Each structure stands twice: as structure tokens, then as C-alpha cells.
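Architecture and fold: a report
Here is how the chains run, residue by residue.
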Amino acid sequence: SASVEAGVARYDSFRLSATHGYRTERGGVGIAVSRRGSQGFSSQNVNGFSFDPDRDASYADRALITADTQANEQLNIRANALRSATDVEFDDGRSQLVQRQFGISAVYENSETHAQTFRLGYASELIDTPVFFSTFRTRRLQGDWQHDLTLERGKALILGLNTASEEGSAGGEKRTL
């Protein structure tokens, strides 16, 4: 199935989006893209910091892809990827934000009472505000391995392992967790 939407609003704002998906008995794939924007309005009043009575625009672009498949009777795999970019003007300049996310999971049903889930995810974010000489970056990589055990009706035991690596920086300073 597919859809396309468009709209306009105050402050010369607009919205455009499109989606498309395809599904069979064994799985599917989908994509969604959008763009929102506005020619904006002045972000300050006469008493504000760095007043400039111009119109301050903003734009946001997003793309999402998802997919899943039932590989066999026991194994289900899902994946998704997202990218988002935002550009915002203000009286002294502009800020840009870029976000990226990716995830994949696999659920394997060993038996009626035991299932394993493997997950791997990645996310990053970049915020760039050059007028204030600031750039912020973050990255995260995470992995999970989870066991779901059904002990008896209404009782379950969930066991798992998790690992994560995070990194962040502001300006030139870098920190890893």
C-alpha cells in the first residue's frame, strides 16, 4: 500500500510525506519519508538577546525503512533504519541536528516454553550550532540477548545479557562510557 500527504499552514509552513509498504505471508518492507518546513517568524522580540526582526525558518527531513521476515517457523527477523535531519534558523545563525538509528532483532522460538531474542542497535546524534562555536556528538551501540522461559501457566522467567558502548563529545572533548 502507498500514501502521499501534503499540507500548508500558518507562517508559510508545509508538510509533505509519502509511505509505501509491501507485505507477504512471510514478511514485509516499508518506507516512509517526510519533509516539514516553515518560513517562520522572528524568534526574538525587541527586548530579546540579539534581536533581528527577520523570519527564522526551520526544516525537518525524515526517512524510515522497516523490514521483517518469518524466516522459518521458529525464526522471526526485524530491522529498521531511521535518519532525521533538522535545520533551524535563529537571529544569530542556525542549528543543525542529524539523528541516525539502526536496529535489528531476531526471535528464535526453541520450544513452546523457551524463546531467545537477539537485538543489536546503533544510534548517533550530531548537533551543530556554529554561531556558539558548539558541536555535540553522541554514539551508542547496544546488544541484548534475552531468554524467555515459561515455567507454568502465568509464570515466566526472563534472563538476559546486555552490553552497551556510548561515546559523546562537545567541541573537541571526547568521552567514552
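On to the pattern of salt bridges, then. Think of it this way: side chains of opposite charge can pair up when their charged atoms draw near. In total, this model carries 5 salt bridges according to the counting rule given. Here arginine 15 ties to glutamate 5 by a salt bridge, and the two come within 3.2 Å at their closest N and O atoms. On the criterion of sequence distance, the pair formed by arginine 15 in strand β2 (residues 13-24) and glutamate 5 in strand β1 (residues 2-9) is long-range, its members being 10 residues apart. You can call arginine 15 partly exposed: its relative accessible area is 26%. As a salt-bridge pair, arginine 139 and glutamate 167 come within 2.8 Å of each other at their nearest N and O atoms. With arginine 139 in strand β8 (residues 134-152) and glutamate 167 in strand β9 (residues 155-170), this pair connects stretches of sequence that are 28 residues apart. Judged by relative accessible area, glutamate 167 falls into the partly exposed class, the value being 23%.

With that settled, the discussion passes to the pairing of β1. Where burial is concerned, little of β1 is hidden: 0 out of the 8 residues are buried. The pairing of β1 with β2 spans 8 bridges and is classified as antiparallel. Paired with glycine 7 across the two strands is arginine 15, which belongs to β2.

If you walk through the whole model with that rule in mind, you get 2 aromatic pairs. Measuring from ring centre to ring centre gives 6.3 Å for phenylalanine 14 and tyrosine 59, while their planes differ by 45°; the resulting arrangement is tilted. Separated by 45 residues along the polypeptide, phenylalanine 14 in strand β2 and tyrosine 59 in strand β4 (residues 56-70) bring together distant segments of the chain. The class of phenylalanine 14 is partly exposed, set by a relative accessible area of 25%. Between phenylalanine 118 and tryptophan 145 the ring centres are 5.7 Å apart and the planes differ by 15°, which places this aromatic pair in the stacked class. Of this pair, phenylalanine 118 sits in strand β7 (residues 114-129) while tryptophan 145 sits in strand β8, and the two are 27 residues apart along the sequence.

Right, let's get into a nonpolar patch on the surface. On the surface, Tyr22, Val29, Ile31, Val33 and Ile65 cluster together to form a nonpolar patch covering roughly 450 Å² of accessible area. The leading source of residues in the nonpolar patch is strand β3 (residues 27-41), at 3 residues. On the accessibility criterion, isoleucine 31 (40% relative accessible area) is partly exposed.

For the rest of this paragraph, the subject is the side chain of aspartate 144. One can find aspartate 144 in strand β8. Reaching out from aspartate 144, the side chain makes a polar contact with the side chain of asparagine 162 at a distance of 2.3 Å. Not counting residues within four places of it along the chain, the set of residues in contact with aspartate 144 comprises Thr117, Phe118, Arg119, Leu161 and Asn162.

About the thresholds
- Residues numbered from 1 in each chain as written.
- Predicted model: local features only at pLDDT ≥ 70, side-chain atom pairs only at ≥ 80, totals over all residues.
- Heavy atoms only, no water.
- Salt bridge = Lys/Arg side-chain N within 4 Å of Asp/Glu carboxyl O.
- Helix = DSSP H or I, 4+ residues; strand = E, 2+ residues; numbered from the N terminus.
- Buried < 20%, exposed > 50% of the residue type's maximum accessible area, 1.4 Å probe, protein only.
- Pairing = 2+ DSSP bridges.
- Phe/Tyr/Trp six-rings, centres within 6.5 Å; stacked < 30°, edge-to-face > 60°.
- Patch = residues over 30% accessible without salt bridge, like charges linked within 9 Å, V, L, I, M, F, W, Y side chains within 5 Å.
- Areas by Shrake-Rupley, 256 points an atom, 1.4 Å probe, with all protein chains shown as cover.
- Polar contact = N/O pair within 3.5 Å; in protein donor to acceptor, adjacent residues only side chain to side chain.
- Contact = heavy atoms within 4.5 Å.

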